Amino acid sequence: MSDFISGLLVERDGPAWLEARREAGLARWRAAEKPTRRTEAWKYTSLQLLERDFNAATPAAIPEDGLPQFGGARLVFVDGFLQGAIDDIALPPGVGLVRFVDADPGQAARIADHIGTAVASDKHLFANLNDATLADGLFLDVAAGAQLDEPLHIVHVTTDREPAFSVSQRLLVVLGDNAEASVIEHFSGESTAAFTSGITELLLGAGARMQHCRLHLEQGGAMHIGGVHALLQRDSLLDSFHLALGSDLKRIDVTVEFAGPGAHCDLNGIYLLRGSEHVDYHTCIEHAVPHCTTDEVFRGVIGDEARGVFNGRIHIHPDAQKTRAELSNRNLLTSAGAEINTKPELEIYADDVQCAHGATVAQLDEGVLYYLRTRGVGREEAEVMLSYGFINELIEALVHEPLRDFLHPLLAQRLSRDPLLTRHLA
Amino acid sequence: MLKIDNLHARVDDKEILKGLTLTVNAGEVHAIMGPNGSGKSTLGHALAGRPGYEVTAGSVSFLGRDLLDMDTEERAHLGVFLAFQYPVEIPGVSNMEFLKAAVDATRESRGLEALDTVSFMKLAREASKAVNLDASFLKRGVNEGFSGGEKKRNELLQMMLLEPQLCIMDETDSGLDIDALQVVAGGVNAMRSAERSFVLITHYQRLLNFIEPDFVHVLSGGRIVRSGDKSLALELEEKGYGWIADSAAPGEVA
């Protein structure tokens, strides 16, 4: 697969610093060893689907607007191209938002200072690919003490076009000390065969607070290899929610590094797979400093012949005393052919910490199904209700109500195509 | 209404019911008492159709139909309701969603139109008031974090909304304080009618002070070994179950 990138490397307009970044990324990509099935981090996820020719994306027509509104500002990219202009968006004082290609010298310097600082390019090969193919990106710069309360909703739609094409997305969020922001990243496309590389970096200054949400709603032949990489300074707070509907191939890496004491991370996620879909979440929390806390919960419902992968690593460094970290991964397999490969990993090198982790794989509880059936609910509807309840606990925990209202019916419909079976949900 | 004849049932290869015979006519209230392990709960689940409860001999007819030939939900549609001894928690599914699904399925099976949301919520709120359960419980996950008494009252609430023909109540009184017991008994008494029958499975005579049974049966060793009127319950309360086991023919009682 080392050559599949060639079709993506086209001449682009844009600032010299971005071109330099592409070249450096390309050099790292070419130099790096490519993963095989013997590579531990890729053991259950085949990259065979990338063994084909991709073109760089070209501008597409604006799709019909069936996209939700979550109350805040919304940006829509179609096949990587922004629709409309950022200038039209009203933002609170102290909040800057600019496309990489439009950055003025001051903004470009800030981007250069921060980009790549949360993602370890030696560990995340596909971040190098993202660099190498990057045509544009978004920079959200929130000054110290400034607040972006209403969520910034960033939609990436990929369309159904031939030949196969690829899109690279980059989001860089820098929160100054005590700044606050809410961002919803939303990838969609129902029958696309696009390959997307989406890398997000979240840099939280001291005391900063961030609500972050990343929805992978692409379906069908969509392929996405990307990640979210956060760096948390002292006393900052990150609440990051992830959702992936299955498609041909999804691999999302989430890393959180604590760089200052007193910070907290809530990391929650849901994956829903059916057919022969594949979703792979790799999460890694680096507790490098003392007095930080992590609560991580991922849940998956996997049906048909689909395959899910969850690898959750929590690494407590020798200096990270007084860490509290909990990781739970629960999976529901709704068919005999469904598969989950789950591996929670706790590595603890400090002695005064509280840590717990657990992973479970279960089928629908016959006792609960029986209870529902004694109330007259048919078996199929009872199965859908139970699967829904299994993930709904995490949806209910979301702070933003319009987001919950959007996700409830979406998830119910994902669990069953028969509206009669989902009519009592959401 | 319900005719159980020589019912034998086993669970996990262990025979629990060994020739149970019982007839319940419309409008009657039957209390079934008996020592632990005598098969009381097994009877309830065998009638409700719990998977894994295998009937090896005998027959059960309900409203003239072969109950044992029906799926669990079909039995519910026909009017069999089992109030669970240990109601199940379903986190993430709200009580309201659950109740609406149950009522809609039951109404549909009876050829009735589904209730619109507003009418249903009104009904549900009235029922929750009748069982002294705050309306906020309708929004919570099914039985999630409910106390023992709240779960039992939630069972009663479901029974009121589903309006079954046959109510089997499996130790609904156990674990209830006197106030909750009176709420449950009041609910049952309000539902008594010439068309509806009750089978009350209980350890304690106390419940029968509040719900007066027409018949009392003693279940022991998987069979009904004695039947009588409400005075039998008082006798059991006084003497325990030993004298019945003693008086039964050797070999008849496990």
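Below, the structure is looked at part by part.

How each quantity is defined
- Residues numbered from 1 in each chain as written.
- Chains lettered and ligands numbered in written order.
- Predicted model: local features only at pLDDT ≥ 70, side-chain atom pairs only at ≥ 80, totals over all residues.
- Heavy atoms only, no water.
- Helix = DSSP H or I, 4+ residues; strand = E, 2+ residues; numbered from the N terminus.
- Rg over C-alpha atoms; globule rule 2.2 N^0.38 Å.
- Buried < 20%, exposed > 50% of the residue type's maximum accessible area, 1.4 Å probe, protein only.
- Contact = heavy atoms within 4.5 Å.
- Areas by Shrake-Rupley, 256 points an atom, 1.4 Å probe, with all protein chains shown as cover.
- Lys, Arg positive; Asp, Glu negative; His and termini not counted.
- Charge placed at Lys NZ, Arg CZ, Asp CG, Glu CD.
- 1 Å grid on protein atoms, 1.4 Å probe; cavity = no way out; pocket = protein on both sides within 12 Å on 5 of 7 lines; lining within 4 Å.
- Points joined across faces, edges and corners; volume = space filled by probe spheres on them.
- Nonpolar A, V, L, I, M, F, W, Y, C, P; charged D, E, K, R; others polar.
- Pairing = 2+ DSSP bridges.
- Axes fitted to C-alpha atoms, helices over the stretch in contact; angles between N-to-C directions.
- Patch = residues over 30% accessible without salt bridge, like charges linked within 9 Å, V, L, I, M, F, W, Y side chains within 5 Å.
- Salt bridge = Lys/Arg side-chain N within 4 Å of Asp/Glu carboxyl O.

Bringing the overall build of chain B into the picture now. What chain B contains, in helices and strands, is nine helices and twelve strands. Whereas a compact globule of 254 residues would reach a radius of gyration of roughly 18 Å, chain B reaches 18 Å, a difference of no more than 12%. Taking all 254 residues of chain B together, the buried fraction comes to 54%. Put simply, of all contacts in chain B between residues at least 6 apart along the chain, 68% involve residues at least 24 apart. As displayed, chain B has an accessible area near 10,900 Å², and 47% of this comes from carbon and sulfur atoms. Counting 26 positive and 37 negative side-chain charges, chain B places the centres of these two groups 2 Å from one another.

This part takes up the overall build of chain A. Within chain A, the secondary structure is distributed over seven helices and 20 strands. For 426 residues, the compact-globule formula gives about 22 Å, and the C-alpha radius of gyration of chain A, at 21 Å, lands near that figure. Each principal axis of the C-alpha atoms in chain A carries an extent, and together these give about 70 × 55 × 45 Å. Counting only residues that meet the buried cut, chain A has 58% of its 426 residues in that class. Contacts in chain A between residues far apart in sequence, at least 24 positions, make up 85% of those at least 6 positions apart.

Turning our eyes to something else, we now look at empty space enclosed by the protein. Rolling a probe over the atoms, with the probe sized like a water molecule, indicates the empty space that remains. Scanning the model with the defined rule gives one cavity of 30 Å³ or more in all. In terms of lining residues, the largest cavity is bounded by A:Thr374, A:Arg375, B:Ala76, B:Gly79, B:Val80, B:Phe81, B:Thr106, B:Arg110, B:Leu162 and B:Pro164. Across the lining of the largest cavity, the residue classes break down as five nonpolar, three polar and two charged.

Another point: the sheet that holds strand β12 (residues 237-245) of chain A. All names here are of chain A. Ordered by their spatial adjacency, ten strands build an open sheet running β3-β2-β6-β8-β10-β12-β14-β16-β18-β20, and the pairing between neighbours is mixed. Taken across any chain shown, the strands that pair with only one partner, and hence form the sheet edges, are β3 (81-83) and β20 (354-362). Sheet twist, expressed as the average angle between the axes of neighbouring strands with direction ignored, equals 10°. With respect to the sheet, helix α5 (residues 379-396) is in contact with β12, β14 (264-273), β16 (293-302) and β18 (324-333), its orientation differing from that of β16 by roughly 155°. Packed on one face of the sheet, helix α6 (residues 401-415) meets β8 (180-188), β10 (209-216), β12, β14 and β16 and runs near 30° to β12.

Our focus in this paragraph is a negative patch on the surface. A grouping of B:Asp66, B:Asp69, B:Asp71 and B:Glu74 is seen on the molecular surface, where their side chains present a negatively charged patch. With respect to the helices and strands, the residue B:Asp66 is situated in strand β5 (residues 65-66).

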